[in-house]
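Summary of the model geometry
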Amino acid sequence: MPIPECPLLPVPDIDDAAHLLFVINAASGRHDADVTRQVIETTLQAAGRTGELLFARPDELARVAQRAARTAAERRTAVIAVGGDGTINSVAQAAHAQGCPMGVMPQGTFNYFARTHAIPTDPAAAAQALLGCEPVAIQVGLINDRVFLVNASVGLYPQLLEDREAYKARFGRSRLVAFGAGLVTLLGRHHQLRLRIELGPNAREITTPTLFVGNNRLQLEQVGLSQASSLDEGCIAAVMLRPIGTVAMLGLIWRGAMGTLGEADTVESFKFQRMRVKPRRAWGSRTVKVAFDGEVSRMPMPLQFQVSPKPLYLLKSAAEPAVSDAEQGHA
């Protein structure tokens, strides 16, 4: 999803003599950390490049990413996120604020962001590809002041993510576990959100179990939402469900798996650049649980969803198309 370059923010250049800064999620264990270190150091040595590896626990990621992004901006180099969605989001938040380039070595379950931008999911291939890439301006979304690369949402989806993490902690990290956890959540009882959404001068009141905002073509296309094309127009896509029962939810799960979710009468989607969301009643909740790129947090209402006026500079090949599921072997 390339966007026009901002005339006030020229594409940053990279000094090949400066250290690349790798922010690495250390939560995966000693063995995985050693393997990651070896892959990065071997790749850098073979290319005659240098790097600094910054291992961080999950509670340290934001602070380490911010420090690394400041250093990258000062030294005209790039900061590289090594990990899953949470790590990538933390580094993107910091890199976006500093205006420095960022790269990605994905280690997540679904890797929508990496796959959309044709970033290999194999660590050695990803490290090698980074050294031949240039910064390219890409579109990011904002929810209040928080960057999101793939999606942000309220309602059912944050609950789904929390349940998924609980199941992964118990049964291990795999797509099958993630799917099973999601199925249990979707078939449970759903709290209905009563919201007022404002799109410029237009406003409407809605009741929905979830409000989902997507900024990732692959994810939207995978479930069959036509609004995927809106990302090429400098917009992001909103998806809402009408209040439904368990049987209807089963139908939506099937449609999503078959890539026809957008055809369901109970699903509404639309594109926008800026949307304000608040409780329908003045005495409604002042905070709400929000999911963004796989992370869950509480944010104050109202929520402001928008396309960021400032791009993120991602290390990628500008001429290389996104990689399909078939090409990467994803079901």
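Let me sum up the structure you'll find in this document. (Residues numbered from 1 in each chain as written. Predicted model: local features only at pLDDT ≥ 70, side-chain atom pairs only at ≥ 80, totals over all residues. Heavy atoms only, no water.)

**Things to note about the pairing of strand 3 (residues 79-83)**
Across the 5 residues that make up strand 3, a large majority, 5, are buried. Residues Val79, Ala81 and Gly83 line one face of strand 3 and the alternating positions Ile80 and Val82 line the opposite face, and both faces are buried. Where strand 1 (residues 20-25) and strand 3 come together, 4 bridges link them in parallel fashion. From the neighbouring strand, Leu21 faces strand 3, where its bridge partner is Val79. In terms of strand pairing, strand 3 meets strand 4 (residues 102-106) through 5 bridges, oriented parallel. Paired with Val79 across the bridge in strand 4 is Met102. Following the chain from strand 3 across helix 3 (residues 85-98) to the adjacent parallel strand 4, one finds a crossover that is right-handed. (Buried < 20%, exposed > 50% of the residue type's maximum accessible area, 1.4 Å probe, protein only. Helix = DSSP H or I, 4+ residues; strand = E, 2+ residues; numbered from the N terminus. Pairing = 2+ DSSP bridges. Right-handed = clockwise from strand over helix to strand, strands pointing away.)

**A short note on the pattern of salt bridges**
The tally for this structure, following the rule as stated, stands at 15 salt bridges. Of the charged contacts, one joins Glu198 and Arg196 as a salt bridge, the two residues approaching to 3.2 Å between their closest N and O atoms. Take Glu198: its relative accessible area is 18%, and that puts it in the buried class. Owing to a relative accessible area of 29%, Arg196 belongs among the partly exposed residues under this scheme. (Salt bridge = Lys/Arg side-chain N within 4 Å of Asp/Glu carboxyl O.)

**Let's talk about the packing of aromatic side chains**
Applying the stated rule across the entire model yields 2 aromatic pairs. Aromatic side chains Phe110 and Tyr112 sit 5.9 Å apart centroid to centroid with 5 degrees between the ring planes, which places their arrangement in the stacked category. Considering the side-chain rings of Phe270 and Phe272, the 6.2 Å spacing of their centres and the 50 degrees angle between planes classify their relative orientation as tilted. Judged by its relative accessible area of 13%, Phe270 is buried. Phe272 sits in the buried class, given a relative accessible area of 5%. (Phe/Tyr/Trp six-rings, centres within 6.5 Å; stacked < 30°, edge-to-face > 60°.)

**A short note on the sheet that holds strand 14 (residues 274-279)**
Spatial ordering of the open sheet is given by 7-6-17-14-9-10, a layout of 6 strands whose pairing is antiparallel. The open sheet has two edge strands, strand 7 (146-148) and strand 10 (202-208), and neither has a second partner. Pairwise comparison of adjacent strand axes, ignoring direction, gives a mean angle of 25 degrees for this sheet. Both strand 9 (residues 193-199) and strand 14 contribute to a ladder of 4 bridges, which runs antiparallel. Residue Leu195 lies in a different strand from strand 14, and its bridge partner there is Pro279. (Axes fitted to C-alpha atoms, helices over the stretch in contact; angles between N-to-C directions.)

**Looking at the nonpolar core**
Counting residues in each nonpolar core, the largest one holds 40 residues, and the members touching the most others are Leu211, Met275, Leu303 and Phe305. With 6 residues, the single largest contributor to this core is strand 12 (residues 236-241). Residues Leu54, Ala65, Ile88 and Val150 belong to the second largest nonpolar core, which totals 33 residues. (Core = buried A, V, L, I, M, F, W, Y, C linked by side-chain atoms within 4.5 Å.)

**Structural notes on helix 5 (residues 123-130)**
Along helix 5, the positions that sit buried rather than exposed are Ala126, Ala127 and Leu130. When helix 5 is viewed along its axis, its buried side chains cluster within an angular range of 100 degrees and face the same direction. Where helix 5 begins, the capping side chain belongs to Asp122, and its oxygen is found 3.3 Å from the backbone nitrogen of Ala124. (Arc of directions from axis to C-beta. Polar contact = N/O pair within 3.5 Å; in protein donor to acceptor, adjacent residues only side chain to side chain.)

**With respect to the sheet that holds strand 16 (residues 295-300)**
In space, the 6 strands of this open sheet follow the order 13-12-11-8-15-16, with antiparallel pairing throughout. Only two strands of the sheet have a single partner each, and these edge strands are strand 13 (267-272) and strand 16. For this sheet the average axis-to-axis angle between neighbouring strands, irrespective of direction, equals 25 degrees. As paired elements, strand 15 (residues 287-292) and strand 16 share 6 bridges and run antiparallel to each other. When the bridges of strand 16 are listed, Val288 appears paired with Met299.

**Focus on the environment of Ile14**
Mapping Ile14 onto the fold places it in the segment before strand 1. When the C-alpha atoms of Ile14 and Thr77 are compared, they prove to be 4.9 Å apart, with 63 residues separating the residues in sequence. Among residues more than four places away in sequence, those in contact with Ile14 are Arg49, Arg76, Thr77, Ala78, Pro101, Pro135 and Leu315. (Contact = heavy atoms within 4.5 Å.)

**Comments concerning unusual backbone geometry**
A cis amide bond links Met301 to the next residue, Pro302, at an omega of 0 degrees. Its location among the elements puts Pro302 in the loop between strand 16 and strand 17 (303-307). Phi at Asp293 takes a positive value of approximately 50 degrees, unusual for a residue other than glycine. Along the polypeptide, Asp293 turns up in the loop between strand 15 and strand 16.

**Examining the packing of helix 2 (residues 61-75) against helix 3**
In contact at an axis separation of 8 Å, helix 2 and helix 3 are set at 40 degrees when each is read in the N-to-C sense. By the criterion of interaxial angle, the relationship of helix 2 to helix 3 is oblique. Between helix 2 and helix 3 lies a crossing whose hand is right-handed. Contacts between helix 2 and helix 3 involve Leu61, Ala62, Ala65, Gln66, Ala69, Arg70 and Ala73 from the first element and Thr87, Ser90, Val91, Ala94, Ala95 and Gln98 from the second. When the residues that make up the contact of helix 2 with helix 3 are grouped by side-chain class, the tally is 8 nonpolar, 4 polar and 1 charged. (Parallel < 35°, antiparallel > 145°, perpendicular 65-115°, else oblique. Left-handed = near helix turned anticlockwise from the far one by under 90°. Nonpolar A, V, L, I, M, F, W, Y, C, P; charged D, E, K, R; others polar.)

Just geometry here; none of it tells us what the structure is for.
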